[in-house]
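# Report on the structure
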Amino acid sequence: MERIEYNSNTEILETHSNRKIFCYHCGDECPDESIHINEKVFCCNGCKTVYEILNQHNLCNYYTLESSPGITKKYDVKRNLDFLNDLDLKQKLIDFSDSKVSRITLTIPQMHCSSCIWILENLYKLDSGIISSQVNFLQKQLVISYSEEKTNLKQIVELLDSIGYEPLLNLEEKKEEKAKAENKNLYYKIGIAGFCFGNIMLLSFPEYLSIGAEELPEMKRIFAYLNILLSLPVFFYSSTDYFTSAWKGIKKKIVNIDVPIALGIIVLFVRSLVDIVFLNGAGYLDSLSGLVFFLLIGKLFQNKTYDTLNFERNYKSYFPISVTIRKENVETTIPVEKLEIGKRIIVRNNEIIPADSILIKGKANIDYSFVTGESNPISKTTGEMIYAGGRQVGEAIELETIKEVSQSYLTQLWNSKTFQKEEESKIVSLANSISKHFTFIVLFIASVGALYWLFINPSIVFSAFTAVLIVACPCALALSTPFTLGNTLRIFGRNKFYLKNTNVIENLASVEHIVFDKTGTITENNSAEVNFVGKLNQHEKSLIKSAVRNSSHPLSRNIYNFFNDVDLIPVESYNEITGEGIEAVINNHKIKIGSQHFVLEKHNNTTNDSTRVYVSIDNNNMGYFSISNKYRKGLKEIISVLEKDYEISLLSGDNDSEREKLREFFADDKELHFKQSPHDKLDFINNLQKIGKKVLMIGDGLNDAGALKQSDVGISISDDINNFSPACDGILEAQSFNRIADFIHFSIKSKKIIIASFILSFVYNIIGIAFAVSGSLSPIVAAILMPISSISVVVFTTFSVNFLAKKKGMI
Amino acid sequence: MSVVFVLIGASLLVAIGFLVAYLWAVKSGQYDDKYTPSIRILFDDNNKVQNDLTTKQNSKSREQSAENKVLSEKE
């Protein structure tokens, strides 16, 4: 939200920079110069406070590294961090602690520039208990070591909150360490394979060029044994992944691409050992180490991950880790998983309702934007049921829980089978399906060749048989997929479409049915279609804009953005009544903006699908704003393009009041489904899959989480990729929404490129096998053929993917 | 010609040295964050930066005045 605010203001900055004043801290527009220190003007007291804190500690360098680097504190609400004193929870959050020094890794999505890095690494100047703090900017992480005697976790988090860098606090994010260790292992393996490959090549040169064989006959043998020594780490360490993967595949009776690779590696190694030890030959150890080295490079290329994005989140990483309960007028904090039915809980402003409950006390105003994508808060009165997942906006409310956290309307979605099954079963990649046939054909050719030589010349049976397996080792085949898809993944990423891994591209290419969610997916989240019914002059527009400026309610911000070319006037008094509206006095004019009931003090029961905001100035009714969902730009074009090749459905949690409007976009009325619960959405996808369809689901909120997970490809749309998005296969930034069709078509083309490169690599294999079955595969032929085939495949795929991207305007 | 074995041994030793250096670099986390250090190196202590700037400017202006002198003398 802050980011959007920031963007809209930078636009203003460009157009009106000559006469407006901007906050020294955050760069937002200021209505006047009333909040200032010397000549430095601030937009709100929050920003001023941050400046004062930093100034006091001589940290103003923050403002010289980048101009206005701060994060606005205008919409900021103080969090209740008492739970950080809970020892159990603290143990789960911190990385390491001996009773004196503790270390914690915090995720801070707000960091965005070098000033942020600077201030976060100078935290020790703000709190003497902090020993050191180090930023990892790409992962948006901050590692803090602090002395337990001088400070505590709560103080540190409060400090970060106070200067605008609010860390995300949840337990789910802690699991990522494992993936990092795996990546490190790959680096080790590549390093060792590369080292051995280079040296084996060097030691094999005399053999290739037949140098020194006469002068120094023992050289050949010594070099060959050195080669064996060097190939041991390659065989026993660098290539272990292929053995384990192949073994796993065989156990499941699947011949995956790693089976022929593992076979090739083993045969190469054994044959070389036999050659060197018994036959005084040179072996193929150079080919072996080169093969492993290239394969690992391909793997690294395919392993591109987006560090800051998380594709595995479930509701737990969105829900709070603790909750305040009230028992006989005493408030205590307990971990959320210990929350039981029938407990009285207190939910403060901006906190999330952890379980389905009944409202007991207070005015609830629930923002379900992360659940449904609907950005306007819904007000509830005492006695009404409130579903978990909403965020309370306004005063603290008291609730009584009626369901357990995991059994709530929304969260029980995660109890369904879809979330228990293993991820792997979904993936049958092209390379794996081809390798099945490939392996059997190669084994067949090798056996026939061996049989033939058995009758003609039994002495070369072994060498002919192994040569076929060596030369048929599908190095090029195994490389074409990672390089094609790795490149595609990068090109997508450059166009703001981030995929979990390369398998998603192949799945995307084979999709047959596309399902859209409505709210938040095909409608815009933060801007709406605003129309004013009534008449306003320039001065009145200024009054309204100035009044709504102070409110963080989404509707207020829509109205704020609606008026472009009006000046802001200082507000004399301002009052926001949650769920009702705002009341302000400006230039001695009394302005009321809000619900009909609040502004006009009467209630007409007119049902309307669009939201209305009424305005009165000095008790004169001026008219109302009608605010309705705005469909994303280019929606019509996308649907009409996709409708040619795909079946398209729409699932909406809302009622069908927008059916008429949607029919402009969607040709088939029968495919518009309304009032779909999160479970209905999941079942809808499931039913499509039962009739054999491959489904692409495009959604956004937590209520789509089941459908996103169940579908063959689940894409989540997000206005800000640092925000929460449910578990999915890919995250699409909202501004690239109109390119969905391009992305799908691109992935189909990528698949064709893979097939083309398969054909290319088969040509090499046929040439190689021709040498091999005739029993004349010399080490030098193998040493030339293998790298050439690998490199040409890599060049071909990289070149063609980039050519395609250029043609489509993606790079 | 048998010196070639000594040379091979030496070259292998050097190569192993580099391999160990690489493995150590990976292990110590130098590849974990490839971006932040490039920013961090630009930070400096505030006062120190200013001092550096002023001394540099002084020396520059001195140089310039010296140059001007030389030029004027030439003319």
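Residues numbered from 1 in each chain as written. Chains lettered and ligands numbered in written order. Predicted model: local features only at pLDDT ≥ 70, side-chain atom pairs only at ≥ 80, totals over all residues.

The subject of this paragraph is the overall build of chain A. When you go through chain A residue by residue, the secondary structure sums to 27 helices and 30 strands. Along the first, second and third principal axes, the C-alpha set of chain A runs to 110 × 65 × 60 Å. In chain A, which comprises 811 residues, the share counted as buried stands at 43%. Taking contacts inside chain A between residues at least 6 apart in sequence as the whole, the part at least 24 apart equals 66%. (Helix = DSSP H or I, 4+ residues; strand = E, 2+ residues; numbered from the N terminus. Buried ≥ 20, exposed ≤ 12 C-beta atoms within 10 Å, placed from the backbone. Contact = placed C-beta atoms within 7 Å.)

Let us look at the domain arrangement of chain A. In terms of domain boundaries, chain A breaks down into domain 1 (2-52), domain 2 (82-169), domain 3 (179-305 + 427-484 + 749-807), domain 4 (318-419) and domain 5 (525-630). Centre-to-centre separation of domain 3 of chain A and domain 4 of chain A, based on C-alpha positions: 58 Å. (Domains from an automatic or database assignment.)

Taken together, the contact between chain B and chain A spans 17 residues of the former and 18 residues of the latter. Put simply, the parts of the chain that give the side of chain B that touches chain A at least two residues each are α1 (3-27) and α2 (36-40) of chain B. Tallying contributions element by element places α1(B) first for the side of chain B that touches chain A, with eight residues. Across the side of chain B that touches chain A, the residue classes break down as 13 nonpolar, two polar and two charged. (Nonpolar A, V, L, I, M, F, W, Y, C, P; charged D, E, K, R; others polar.)

Residues and elements named next belong to chain A. With four bridges connecting them, strand β23 (residues 589-594) and strand β24 (residues 611-617) associate as antiparallel partners. Bridged to Gly594 within β24 is Tyr614. Taken together, the seven bridges between β24 and strand β25 (residues 620-631) define a ladder with antiparallel strand orientation. Note on β25: the bridge partner recorded for Val613 is Phe625. Remark: two residues form the turn of the hairpin made by β24 and β25, two consecutive strands paired antiparallel; Asp618 in that turn has positive phi of roughly 50 degrees. (Pairing = 2+ DSSP bridges.)

Turning our attention to the sheet that holds strand β8 (residues 141-147) of chain A. Residue and element names in this part refer to chain A. Strands sit in the order β5-β6-β8-β7 across an open sheet of four strands; the sheet is antiparallel. Where the open sheet ends on each side, the last strands, each with one partner, are β5 (96-97) and β7 (130-136). Looking at chain direction, β7 and β8 are connected through six bridges and run antiparallel. By the bridge assignment for β8, Ile130 is matched with Tyr146. In the packing of helix α5 (residues 114-121) onto the sheet, the strands contacted are β7 and β8, and the crossing angle to β7 comes to about 160 degrees. (Axes fitted to C-alpha atoms, helices over the stretch in contact; angles between N-to-C directions.)

Residues and elements named next belong to chain A. Burial of strand β13 (residues 364-367) is two-sided: the residues Ala364 and Ile366 facing one way and the residues Asn365 and Asp367 facing the other way are all buried. Across three bridges, the pairing between β13 and strand β14 (residues 378-380) is antiparallel. Note on β14: the bridge partner recorded for Ile366 is Ile378.

Right, let's talk about α5(A) for a bit. Counting buried positions along α5(A) yields six of eight residues, so the element is predominantly enclosed. Inspection of α5(A) places A:Ser115, A:Cys116, A:Ile117, A:Trp118, A:Ile119 and A:Leu120 among the buried residues, and these make up the whole buried set. Tucked into the core, α5(A) has its buried residues touching α3 (61-65), β7 and β8 of chain A together with α2 of chain B.

Adjacent strands of a sheet form backbone hydrogen bonds with each other and so pair up, either parallel or antiparallel. Residues and elements named next belong to chain A. Across the sheet, six strands lie side by side as β10-β9-β11-β17-β12-β15; this open sheet has antiparallel pairing. The open sheet has two edge strands, β10 (330-335) and β15 (385-386), and neither has a second partner. In terms of strand pairing, strand β9 (residues 322-327) meets strand β11 (residues 344-347) through three bridges, oriented antiparallel. Within β11, the residue paired with Arg326 across the bridge is Arg344.

Our focus in this paragraph is the nonpolar core. Residue and element names in this part refer to chain A. Counting residues in hydrophobic clusters, the biggest one holds 186 residues, and the most contacted among them are Val468 and Leu696. Other than its neighbours up to four places away in sequence, Val468 contacts Val442, Ile445, Ala446, Gly449, Ile769, Ala772 and Val773. Residues Ala547, Ile593, Val615 and Ile627 belong to the second largest nonpolar core, which totals 20 residues. (Core = buried A, V, L, I, M, F, W, Y, C linked by C-beta atoms within 7 Å.)

Let us now look at unusual backbone geometry. Residues and elements named next belong to chain A. Unusually for a residue other than glycine, Lys496 sits at a positive phi of about 70 degrees. With respect to the element layout, Lys496 can be found in the loop between α16 (475-494) and β18 (497-499). In this structure, Asn587 takes a positive phi of about 50 degrees despite not being glycine. Looking at where Asn587 falls in the secondary structure, it is placed in the loop between β22 (581-586) and β23.

All names here are of chain A. Mapped onto the secondary structure, Cys60 falls in the loop between α2 (45-56) and α3. C-beta crowding within 10 Å serves as the criterion here: with 13 such atoms nearby, Cys60 is assigned to the partly exposed category. For the pair Cys60 and Ile119, spaced 59 residues apart in the sequence, the C-alpha separation amounts to 9.3 Å. Discounting residues that sit within four places of it in the chain, Cys60 has contacts with Leu54 and Asn55.

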